[in-house]
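Below, each chain spelled out in residue letters.
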Amino acid sequence: MKVAVTGATGFIGKYLVNKLTDRGFGVLALGRSKTKLDKTFKQNVSNRETDYSLLSLNEVLRSADIVVHLAARRMSKNSSPLDLGVFLDDNVKITENLLKAAQNNSMERVCNISSISVYSSQNRTPFKERDKAIPSSVYGISKLVTEKYSALFSRTTGLPVINLRLSQVIGLGERSDLIFMKFLNLARQKKPLPIWGEGKTAFDFIYVKDVVEAIYKVISLDIFDGNETYNI
């Protein structure tokens, strides 16, 4: 079985590609830069450059059986809170192209990586898949749109699509400006951990290797049919 991974040179992508190759899967690592792919993955991986257009994805996915869709634009401190357009281009449109290419190439299933950002403080905790998702950011809106589109696409074409809503992922190699990684780095240096307010704000984190294990189950188990969504 051959698995394609979009956004392969990203934080989660590198862990996932290494696990899949260790488990004996054939892997197609997809990304915008062949140079970066070749620098990241030197053995046992087929590196394919793509601009994520439908034409390009139709070509690079030709030999794949399953695709894990990690490529996405994330929120950053410089993101405009109301600039939805950039996320529609980089998240929604690419997901549309990917699903169409997967269908065109008769792939077995798609694992679409979504986010816990489809929920907000207006949702009760713990979050449950059957709850109505109420995003509080344009990024969360874009991820929810990819889920709704995948459900429509799956019902219409029969292509199984599994959405995984990830909590904030932590681990070695994640961005150092994120709060958990920043605290780890300060702790290593035995420096104080600065907090805002009374320090009562809570976040939900998940370790990157646990995320990879969840994705691995989606790839390796034959129990999925249609469109399903899981909180991870």
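Scroll up to find the structure this text is about.
Residues numbered from 1 in each chain as written. Predicted model: local features only at pLDDT ≥ 70, side-chain atom pairs only at ≥ 80, totals over all residues. Heavy atoms only, no water.

**What about the sheet that holds strand E3 (residues 46-49)?**
Phase 1 of the analysis: With respect to topology, 7 strands assemble into an open sheet ordered E3-E2-E1-E4-E5-E6-E9, the strand pairing being parallel. Only two strands of the sheet have a single neighbouring strand rather than two, namely E3 and strand E9 (227-231). Geometrically, the sheet is characterised by an average inter-axis angle of 20° between neighbouring strands, direction not taken into account.
Phase 2 of the analysis: Across 5 bridges, the pairing between strand E6 (residues 161-166) and E9 is parallel. Counted as the bridge partner of Ile162 is Glu228 from E9. (Pairing = 2+ DSSP bridges. Helix = DSSP H or I, 4+ residues; strand = E, 2+ residues; numbered from the N terminus. Axes fitted to C-alpha atoms, helices over the stretch in contact; angles between N-to-C directions.)

**Here's the deal with a nonpolar patch on the surface**
Phase 1 of the analysis: Taken together, the side chains of Ile179, Phe180, Leu184 and Phe203 make up a nonpolar region of the molecular surface, amounting to roughly 340 Å² of accessible area.
Phase 2 of the analysis: Within the secondary structure layout, Ile179 lies in helix H6 (residues 179-188).
Phase 3 of the analysis: Residue Ile179 is classed as partly exposed on the basis of its relative accessible area, which comes to 33%. (Patch = residues over 30% accessible without salt bridge, like charges linked within 9 Å, V, L, I, M, F, W, Y side chains within 5 Å. Areas by Shrake-Rupley, 256 points an atom, 1.4 Å probe, with all protein chains shown as cover. Salt bridge = Lys/Arg side-chain N within 4 Å of Asp/Glu carboxyl O. Buried < 20%, exposed > 50% of the residue type's maximum accessible area, 1.4 Å probe, protein only.)

**Details of unusual backbone geometry**
Phase 1 of the analysis: In this structure, the amide linkage connecting Thr125 to the following residue, Pro126, adopts the cis form with an omega of -5°.
Phase 2 of the analysis: Residue position: Pro126 is located in the loop between strand E5 (109-115) and helix H5 (138-157).
Phase 3 of the analysis: One non-glycine residue with positive phi stands out, namely Asn44, at about 60°.
Phase 4 of the analysis: You can see Asn44 is positioned in the loop between helix H2 (34-40) and E3.
Phase 5 of the analysis: Looking at Asn44, the relative accessible area reads 67%, which means it is exposed.
Phase 6 of the analysis: Even without glycine at this site, Ser106 takes up a positive phi of about 55°.
Phase 7 of the analysis: Inspection of the secondary structure assignment puts Ser106 in the loop between helix H4 (85-104) and E5.
Phase 8 of the analysis: Judged by relative accessible area, Ser106 falls into the exposed class, the value being 64%.

**Overview of helix H7 (residues 208-220)**
Phase 1 of the analysis: Compared with an ideal rise of 1.5 Å per residue, which puts 13 residues at 18 Å, H7 spans 18 Å between its outermost C-alpha atoms and is within 8% of the ideal.
Phase 2 of the analysis: Among the residues of H7, those classed as buried are Val208, Val211, Val212, Ala214, Ile215, Tyr216, Val218 and Ile219. (Expected span 1.5 Å × (residues − 1).)

**Comments concerning the pairing of E3**
Phase 1 of the analysis: The pairing of strand E2 (residues 26-31) with E3 spans 4 bridges and is parallel. Of the residues in E3, the one forming a bridge with Leu30 is Arg48.

**As for the pattern of salt bridges**
When charged atoms on two side chains of opposite charge get close, those side chains can pair.
Phase 1 of the analysis: One pass over the structure, following the stated rule, counts 10 salt bridges.
Phase 2 of the analysis: Put simply, Glu96 and Lys100 hold a salt bridge, and the shortest N to O gap is 2.7 Å. With Glu96 and Lys100 both in helix H4, this residue pair falls 4 residues apart, about one helical turn.
Phase 3 of the analysis: For Lys100, a relative accessible area of 31% puts it in the partly exposed group.
Phase 4 of the analysis: With a shortest N-O distance of 3.1 Å, Arg175 and Asp177 are connected by a salt bridge.
Phase 5 of the analysis: Put simply, Lys19, Glu213 and Lys217 are held in one network by salt bridges that share partners.

**Digging into the packing of helix H1 (residues 11-22) against H7**
The axes of two packed helices give the description: the angle between them and the distance between them.
Phase 1 of the analysis: The geometry of H1 relative to H7 is characterised by a closest axis approach of 10 Å and an angle of 55° between their N-to-C directions. Here H7 runs oblique to H1, going by the angle between their axes. Judged by the sense of rotation from one axis to the other, the crossing of H1 with H7 is right-handed. Across the interface between the two elements, Phe11, Ile12, Tyr15, Leu16, Lys19 and Leu20 of H1 pack against Val208, Lys209, Val211, Val212, Glu213, Ile215, Tyr216 and Ile219 of H7. (Parallel < 35°, antiparallel > 145°, perpendicular 65-115°, else oblique. Left-handed = near helix turned anticlockwise from the far one by under 90°. Contact = heavy atoms within 4.5 Å.)

**A short note on the packing of aromatic side chains**
Phase 1 of the analysis: Applying the stated rule across the entire model yields 7 aromatic pairs.
Phase 2 of the analysis: Here the aromatic rings of Phe11 and Tyr15 are separated by 5.8 Å at their centres, their planes lie at 85°, and the arrangement is edge-to-face. With Phe11 and Tyr15 both in helix H1 and 4 residues apart, the pair spans about one turn of that helix.
Phase 3 of the analysis: On the basis of relative accessibility, which here comes to 22%, the residue Tyr15 falls in the partly exposed class. (Phe/Tyr/Trp six-rings, centres within 6.5 Å; stacked < 30°, edge-to-face > 60°.)

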